[in-house]
Amino acid sequence: MSNLVIVGTQWGDEGKGKIVDLLASSADAVVRFQGGHNAGHTLVINKKIFKLSLLPSGIVRQKLSIIGNGVVVDPLHLEKEIRDITNQGIDVNSSNLVISSDSFLILPIHKYIDTLREDQKKGNKKIGTTGRGIGPAYEDKVSRRGIRFSDFKNSRELEEKFISIYNYHNVWIEKFEGKEISYQNDFETILKCYEKLSKYIDNTWLLLKQLNDKKRKILFEGAQGFYLDLDHGTYPFVTSSNTVASNASTGSGTNPNQLEKILGITKAYTTRVGNGPFPTEENNEVGEKLGKIGNEFGTVTGRKRRCGWLDIVMLKKAITISGINGLVLTKLDVLDSFTHVKICTSYKINNQIFEDYPSNISGSQHVVPIYETLKGWEEKTKGITNFEDLPLNAQNFVKKIQLLANCSIDIVSTGPERDENIIINEVFN
Ligand code: GDP
Ligand code: IMO
Ligand code: MG
């Protein structure tokens, strides 16, 4: 197996970072291909906590870490993240970090617009974004106004691009705020920051081709989750990139034939941060308990995550569209103290039963989840590394999910630490 794609199957925060870090031990390179620093991937290694937003999680093992063309990069944030991780003892240098010259920049004005749009006091509709400028940056990319790292070769043309972006957005900002944003300060700040980052910037599709030619093992690290995908997620309550596994190809410039194993990361329950529909949400003491035991607070914004039971209807769509051929079930230990655990197997909408995810569920639609209820195990599973050592009811829970999802569960995660896993099938060696 030379290449592996890791993607989230829910609304993000499934534990992708932990699993990327685990499997990165066998990788020659780890690649981010979409999203930006809206992601928050937490790694726990011997009680030491690493929080990564933009750097591929492979950096902690000092693996070649590549930020692909599909990622939007806030250079000011990246510089800080490199500084922070360096202070934690991780050496980041131009041999282990390479950023695509084709990736687009998040500028300070994008962050400003994102925050302004989310300001309900101004009568705006809230998506509940991370406020990091992700949406506005991708919009400028799609509208062919965006700035890439390759644009820094010619500073006169770059300045013209800055002026044109700021002029475009200022029409709206002026109307809203009664004042315009000047490009000049931001331009100078970003130029200075670029000087520090330029040593990392290169032609990454070619680098990936060279790695593939040498049969090196590449791990593609997804950010967010399937239901935050711009096309397939709970639109408009989604992020602004494609989070499906096929984007590992477009977002990195890797030939799709080279994406072999696709691993879907699934929490043993479901969480969502931000607004939008959530059929199995438990907006009650069950949700509170899941959140408390699972420590469900956003890495990026610190917001409380909404919690509910595992949803197989959702999982099946993610498996189908992302081409997932193996699952990792994370946070099994969070369910240890529940007397009963539930798995949603279908929805009832207007008296009709749906086993397959219906087209665009909206917040106002009344979706009744239909559950299979299993007996809990009420025993500690944290840190267990052998499947047979799991309490019988926990084994049954895992087997049931495998059966309902019709996909093999290759790994079960039983704690946040790097070695708290049950490896059922070797997926990347
Ligand atoms: P990501 O965005 O998908 O990488 O996930 P996050 O890092 O945002 O959120 C997952 C959280 O759960 C992190 O704090 C992890 O340390 C933690 N975690 C991961 N796997 C497990 C597990 O099996 N059990 C427990 N209790 N925590 C886990
Ligand atoms: P990781 O990689 C959970 C959510 C935001 C919001 C929506 C749009 O850690 O799983 P954006 O800032 O992207 O425009 O916000 O997407 N969101 C995430 N939720 N985990 C993430 O990343 C997320 N990245 C974005 O909360 O609902
Ligand atoms: Mg996260």
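Enquirer: What am I meant to see in the pairing of strand β15 (residues 340–349) here?
Expert: Put simply, side chains in a regular strand alternate between the two faces of the sheet. Here β15 lies mainly inside the structure; seven of its ten residues are buried. Sheet analysis places strand β13 (residues 306–311) next to β15, joined by two bridges and oriented parallel. If you follow Leu310 over to β15, its bridge partner there is Ile343. Across nine bridges, the pairing between β15 and strand β17 (residues 367–375) is antiparallel. Bridge pairing in β17 links Cys344 to Tyr371. Across three bridges, β15 lies against strand β16 (residues 352–354) in antiparallel orientation. If you follow Lys348 over to β16, its bridge partner there is Ile353. Between β15 and the antiparallel strand that follows it, β16, lie two residues; Asn350 among them carries a positive phi value of about 50 degrees.

Enquirer: Sorry if this is basic, but what is going on with the coordination of the magnesium ion (ligand 3) here?
Expert: Each pair of donors in an ideal octahedron of six around a metal sits at 90 or 180 degrees, and each pair in an ideal tetrahedron of four sits at 109.5 degrees. Protein coordination of the magnesium ion (ligand 3) is provided by Asp13 (OD) and Gly40 (O), with donor distances spanning 2.0 to 2.2 Å. Here the residue Asp13 occupies a position in the loop between β1 (3–8) and α1 (16–23), and Gly40 occupies one in the loop between β2 (29–32) and β3 (41–45), the gap between them amounting to 27 residues. Taking the relative accessible area as the measure of exposure, Gly40 reaches 13% and is therefore buried.

Enquirer: Just to check I follow, could you spell out the site of ligand 1 for this structure?
Expert: Lys16, Gly17, Gly40, Asp333 and Ser413 are the nearest of the 19 residues found near ligand 1. Here an oxygen atom of ligand 1 and a side-chain polar atom of Arg305 are 3.3 Å apart. Here Ser413 contributes a side-chain N or O atom positioned 2.5 Å from an oxygen atom of ligand 1. With the chains in place, 91% of the 580 Å² that ligand 1 exposes on its own is no longer accessible. Taken domain by domain, the shell around ligand 1 gets at least three of its residues from each of domain 1 (3–103 + 206–261) and domain 3 (266–423).

Enquirer: How should the sheet that holds strand β18 (residues 409–413) be read in this particular structure?
Expert: Sheet strands line up and pair through hydrogen bonds in the backbone, either parallel or antiparallel. The strand order across the open sheet built from ten strands is β9-β7-β5-β2-β10-β1-β11-β14-β18-β19, with neighbouring strands paired in mixed fashion. On the outer flanks of this sheet lie β9 (201–202) and β19 (421–423), each paired with one strand and no other. Bridge count for β18 against β19 is three bridges, and the pairing is antiparallel. Bridge pairing in β19 links Ile411 to Ile423. Set on the sheet, helix α7 (residues 204–213) makes contact with β1, β2, β5 (64–67), β7 (97–100), β9 and β10 (218–221); between it and β5 the angle comes to about 140 degrees.

Enquirer: How should the domain arrangement of the protein chain be read in this particular structure?
Expert: Interface extent is often summarised as the accessible area lost during association of the parts. Per the domain assignment, the segments making up the protein chain are domain 1 (3–103 + 206–261), domain 2 (104–196) and domain 3 (266–423). Using only C-alpha atoms to locate each centre, domain 2 and domain 3 end up separated by 37 Å. Taken residue by residue, the interface counts six residues in domain 2 and five residues in domain 3. Between domain 2 and domain 3, the buried area comes to about 400 Å², and carbon and sulfur atoms account for 44% of it. Three residues, Gly128, Thr130 and Arg132, lead the burial of domain 2 against domain 3; their summed loss comes to 68% of the area buried on that side.

Enquirer: Hey, could you run me through a nonpolar patch on the surface in this one?
Expert: Among the surface-exposed residues, Ile353, Val368 and Ile370 lie close enough to one another that they form a single nonpolar patch of about 210 Å² accessible area. Positionally, Ile370 belongs in strand β17. Residue classification places Ile370 among the partly exposed residues on the basis of a relative accessible area of 31%.

Enquirer: How should I be thinking about the site of ligand 2 in this particular structure?
Expert: Near ligand 2 there are 19 residues, and of these Asp13, Lys16, His41, Thr130 and Thr239 occur at the shortest range. Between Arg303 and ligand 2, the recorded distance is 2.9 Å, taken from a side-chain N or O atom to an oxygen atom. Protein chains shield 98% of the accessible area of ligand 2, which is 550 Å² for the free molecule.

Enquirer: Can you help me understand the environment of Asp151 in this one?
Expert: As for its placement among the helices and strands, Asp151 is situated in the loop between α4 (134–142) and α5 (155–177). Ignoring anything within four residues of it in the chain, the contact list for Asp151 reads Gly146, Leu158 and Lys161. In terms of polar contacts, Asp151 uses its side chain to reach the side chain of Lys161, at 3.0 Å.

Enquirer: Which parts of the structure should I look at to understand the side chain of Asp311?
Expert: Relative to the elements of secondary structure, Asp311 occurs in strand β13. It turns out Asp311 is buried and unbridged, and the closest side chain with the opposite charge, Lys316, is 8.6 Å from it. For Asp311, the side chain forms a polar contact with the side chain of Tyr347, separated by 2.5 Å. Residues within four places of Asp311 in sequence aside, it is in contact with Thr270, Pro279, Thr280, Cys344 and Tyr347.

Enquirer: Where do I start with α1 in this structure?
Expert: Spacing of three or four residues puts side chains on the same side of an α-helix, whose turn is 3.6 residues. With eight of eight residues buried, α1 is to be regarded as a mostly interior element. Of the positions making up α1, those classed as buried are Lys16, Gly17, Lys18, Ile19, Val20, Asp21, Leu22 and Leu23.

Parameters and conventions
Residues numbered from 1 in each chain as written. Chains lettered and ligands numbered in written order. Predicted model: local features only at pLDDT ≥ 70, side-chain atom pairs only at ≥ 80, totals over all residues. Heavy atoms only, no water. Buried < 20%, exposed > 50% of the residue type's maximum accessible area, 1.4 Å probe, protein only. Helix = DSSP H or I, 4+ residues; strand = E, 2+ residues; numbered from the N terminus. Pairing = 2+ DSSP bridges. Donors = N, O, S within 2.8 Å, 3.2 Å for Na, K, Ca; no water. Near = heavy atom within 4 Å. Polar contact = N/O pair within 3.5 Å; in protein donor to acceptor, adjacent residues only side chain to side chain. Areas by Shrake-Rupley, 256 points an atom, 1.4 Å probe, with all protein chains shown as cover. Domains from an automatic or database assignment. Contact = heavy atoms within 4.5 Å. Axes fitted to C-alpha atoms, helices over the stretch in contact; angles between N-to-C directions. Buried area = accessible area lost by both parts, 1.4 Å probe. Patch = residues over 30% accessible without salt bridge, like charges linked within 9 Å, V, L, I, M, F, W, Y side chains within 5 Å. Salt bridge = Lys/Arg side-chain N within 4 Å of Asp/Glu carboxyl O. Lys, Arg positive; Asp, Glu negative; His and termini not counted.

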